[in-house]
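# Working through the structure, step by step
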Amino acid sequence: MKIVDAKVVLTSPGRNFVTLRIETDEGVTGLGDATLNGRELAVVSYLTDHVVPLLLGTDPHRIEDTWQSLYRGAYWRRGPVTMAAIAAVDVALWDIKAKVAGLPLYQLLGGASRERVRTYGHASGRDLPELFDSIRARLEQGYQAIRVQTGVPGLKRVYGVRHTVDTAAGPRPVVEDWDTAAYLRSLPKVFDAVRQEFGPDLPLLHDAHHRLTPMQAARLGKDLEPYDLFWLEDCTPAENQEGLRLVRSHTTTPLAIGEVFNTVYDYRTLIGEQLIDYVRSAVTHFGGVSPLRKLFDYAAQYQIKTAVHGPEDISPVGMAAAIHLDLAVHNFGIQEYAGYTEATEAVFPHAYTFTDGHLHPGEEPGLGVSLDEERAAAHPYEAAYLPINRLQDGTIHDW
Ligand code: CS2
Ligand code: MG
């Protein structure tokens with residue numbers, strides 16, 4: 001079997017997605033997600049101009065050799081653009097291999113280790129009434145674990161909470177506001193109110209989104225202990241992996257980190273010293289199914305569980321690959337599932353299902369996702385940026 005064509009499809013059914021479609025001489029095709037939110041065109045070029053020419057004529061079954069050739073052959077290793085491009089190739093080749101085998105991908109990953117995949121959904125509110133309505137809405141949708149994000153008193157626009165966007169200035173990063181002291185004062189009160197309203201048992205998660213120093217993260221983890229969180233996510237920028245030693249020494253609140261990481265080297269201290277409880281990398285940003293399975297097996301040696309990143313900017317192709325992995329690996333933790341717009345669902349018909357807060361990849365051979373290229377073409381790319389974050393004095397901060 002040979003690869004005879006590979007095409008990058010850029011579409012924007014409500015938000016931008018980058019999809020790689022690989023075609024073989026036997027008519028079997030595979031899909032991979034290469035979406036890098038806010039920097040999509042960089043990956044489109046990396047694939048189109050540098051990777052696709054190298055794929056033509058190669059054997060699609062040689063997944064590991066192709067992965068190693070793209071990683072080592074680039075010379076300039078790692079990084080979000082490179083690893084998103086390699087991920088799309090890797091996932092498309094697994095899609096092809098599973099289709100040829102006539103099996104859903106999870107069967108090539110060791111088969112099912114569970115009946116279905118537990119998820120968590122996003123709830124948010126500028127204030128408590130809005131937050132409570134959002135939690136109730138997620139519970140009505142069937143979610144059995146909820147991420148809670150709220151406004152901060154005195155701040156106008158905060159991560160994870162809906163706010164109006166001025167589009168008059170064209171595609172520019174929205175400037176959000178931040179005040180760590182106000183956030184640290186208010187968040188424990190929010191979780192106290194949520195526990196009062198929804199009881200002690202509902203699994204609650206929170207994403208600090210890289211904004212705290214290790215000592216501030218330690219204080220927040222400690223202050224949240226009475227509310228028994230499922231996890232506190234991205235409590236401090238974790239390029240400085242050793243910073244988590246300080247956090248870990250002060251709090252028993254479970255920690256989740258890694259959605260911005262793209263190789264196992266980003267995790268070595270965090271995993272080797274058990275400084276975290278969940279690894280957060282997504283198939284799309286970590287180089288594909290091949291390396292992410294290796295990361296999960298490494299984490300399993302340290303009793304660390306998986307929690308694949310699954311916001312709306314991971315496409316249904318990347319989501320499907322995650323769900324196959326989630327069903328198969330032993331140390332599965334939870335799957336983030338923010339859901340998609342109707343337009344996105346129409347562009348990416350899929351076999352996976354979402355029922356009672358749980359996902360299942362389905363039994364279709366391969367990933368079980370297709371790309372409706374006609375519908376995709378109806379949603380042309382729209383330049384868009386992720387927000388940026390500034391302190392009250394205007395200083396740029398982590399978003
Ligand atoms: C967030 C993401 O879901 C999460 O945990 O960190 O929504 C993140 O903000 C986006 O993926 C950035 O593109
Ligand atoms: Mg996050």
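Residues numbered from 1 in each chain as written. Chains lettered and ligands numbered in written order. Predicted model: local features only at pLDDT ≥ 70, side-chain atom pairs only at ≥ 80, totals over all residues. Heavy atoms only, no water.

Further remarks concern the sheet that holds strand 15 (residues 388-391). What links the strands of a sheet is backbone hydrogen bonding, and the strands pair in either a parallel or an antiparallel sense. Pairing in this open sheet of three strands is mixed, and the strands run 6-15-16 from one edge to the other. One side of each edge strand has no neighbouring strand; the edge strands of this open sheet are strand 6 (175-178) and strand 16 (396-397). Pairing analysis gives four bridges linking strand 6 to strand 15, with the strands arranged parallel. Residue Trp 178 lies in a different strand from strand 15, and its bridge partner there is Leu 391. (Pairing = 2+ DSSP bridges. Helix = DSSP H or I, 4+ residues; strand = E, 2+ residues; numbered from the N terminus.)

Scanning the model with the defined rule gives 17 aromatic pairs in all. Ring geometry for Phe 17 against Phe 348: centres 5.7 Å apart, planes inclined by 85°, an arrangement best described as edge-to-face. Here Phe 17 is found in strand 2 (residues 17-24), whereas its partner Phe 348 is found in the loop between helix 12 (342-347) and strand 13 (353-355), with 331 residues between them in sequence. For Phe 348, a relative accessible area of 0% corresponds to the buried category. Of the aromatic side chains, those joined through ring pairs into one cluster are Tyr 143, Tyr 337, Tyr 340, Tyr 352 and Phe 354. Lying over the aromatic face of Phe 17, Arg 15 brings its terminal NZ or CZ to 5.6 Å of the ring centre. (Phe/Tyr/Trp six-rings, centres within 6.5 Å; stacked < 30°, edge-to-face > 60°. Buried < 20%, exposed > 50% of the residue type's maximum accessible area, 1.4 Å probe, protein only. Lys NZ or Arg CZ within 6 Å of the ring centre and 35° of its normal.)

Asn 37, His 209, Glu 233, Glu 259 and Glu 336 are the nearest of the 15 residues found near ligand 1. With respect to ligand 1, the side chain of Tyr 159 contributes an N or O atom lying 3.5 Å from an oxygen atom. Here Glu 233 contributes a side-chain N or O atom positioned 3.0 Å from an oxygen atom of ligand 1. Compared with its free state, where it exposes 340 Å², ligand 1 has 91% of that area covered by protein. (Near = heavy atom within 4 Å. Polar contact = N/O pair within 3.5 Å; in protein donor to acceptor, adjacent residues only side chain to side chain. Areas by Shrake-Rupley, 256 points an atom, 1.4 Å probe, with all protein chains shown as cover.)

Structurally, the protein comprises domain 1 (3-103) and domain 2 (108-364). Its C-alpha centre places domain 1 at a distance of 26 Å from the equivalent point of domain 2. Contacts between domain 1 and domain 2 engage 31 residues on the former and 29 residues on the latter. Here domain 1 packs against domain 2, burying approximately 2200 Å² in sum over the two surfaces, 64% of which is carbon and sulfur. A per-residue breakdown of the area domain 1 buries against domain 2 is headed by Phe 17, Asp 33 and Arg 78, which together make up 24% of the total. The interface formed by domain 1 and domain 2 contains two salt bridges. For Lys 294, the salt bridge is made with Glu 64, and the minimal N-O distance between the two is 2.8 Å. At the junction of domain 1 and domain 2, the tally comes to 14 residue pairs in polar contact (both at pLDDT 80 or more). (Domains from an automatic or database assignment. Contact = heavy atoms within 4.5 Å. Buried area = accessible area lost by both parts, 1.4 Å probe. Salt bridge = Lys/Arg side-chain N within 4 Å of Asp/Glu carboxyl O.)

For helix 7 (residues 214-224), the complete set of buried residues consists of Ala 217, Ala 218, Leu 220, Gly 221 and Leu 224. The buried residues of helix 7 occupy an angular sector of 165° when projected down its axis, which confines them to one face. Contact partners of the buried residues in helix 7: helix 6 (180-198), strand 8 (231-233) and helix 8 (243-250). (Arc of directions from axis to C-beta.)

Turning our eyes to something else, we now look at the side chain of Thr 306. Among the structural elements, Thr 306 can be located in strand 11 (residues 305-306). Accessibility expressed as a relative area gives 0% for Thr 306, which makes it buried. Setting aside anything within four residues of it in sequence, one finds Thr 306 in contact with Tyr 278, Val 279, Phe 296, Asp 326, Val 329, Asn 331, Phe 332, Gly 333 and Ile 334.

Moving on to the sheet that holds strand 1 (residues 3-11). Here three strands make up an open sheet; going across it, the order is 1-2-3 and the pairing antiparallel. A single partner strand is all that each edge strand has here, and the edge strands are strand 1 and strand 3 (29-33). Pairs of neighbouring strands in the sheet enclose a mean axial angle of 20°, with direction left out of account. Here strand 1 runs beside strand 2; their pairing, made up of eight bridges, is antiparallel. (Axes fitted to C-alpha atoms, helices over the stretch in contact; angles between N-to-C directions.)

Attention now moves to the coordination of the magnesium ion (ligand 2). Note on metal sites: the ideal angle is 109.5 degrees for four tetrahedral donors, and 90 or 180 degrees for six octahedral donors. The coordination sphere of the magnesium ion (ligand 2), as far as protein atoms go, consists of Asp 207 (OD), Glu 233 (OE) and Glu 259 (OE), spread over 2.1 Å. Linear spacing of the donor residues for the magnesium ion (ligand 2) on their chain is D-x25-E-x25-E. In this pair, Asp 207 sits in strand 7 (residues 204-207) while Glu 259 sits in the loop between strand 9 (255-257) and helix 9 (268-272), placing the two residues 52 residues apart along the sequence. The exposure class of Glu 259 is buried, given its relative accessible area of 11%. (Donors = N, O, S within 2.8 Å, 3.2 Å for Na, K, Ca; no water.)

Right, let's get into the nonpolar core. The biggest cluster of nonpolar side chains holds 114 residues, and the ones touching the most others in it are Ile 22 and Leu 47. If one sorts the elements of this core by residue count, helix 3 (residues 80-101) sits on top with 12 residues. When residues of this core are sorted by domain, at least three fall in each of domain 1 (3-103) and domain 2 (108-364). Excluding anything up to four places from it in sequence, Ile 22 contacts Ile 3, Asp 5, Ala 6, Val 28, Thr 29, Gly 30, Leu 55, Val 89, Ala 92, Leu 93 and Ile 96. Counting nine residues, the second largest nonpolar core, distinct from the first, contains Ala 145, Trp 231, Tyr 278 and Ile 334. (Core = buried A, V, L, I, M, F, W, Y, C linked by side-chain atoms within 4.5 Å.)

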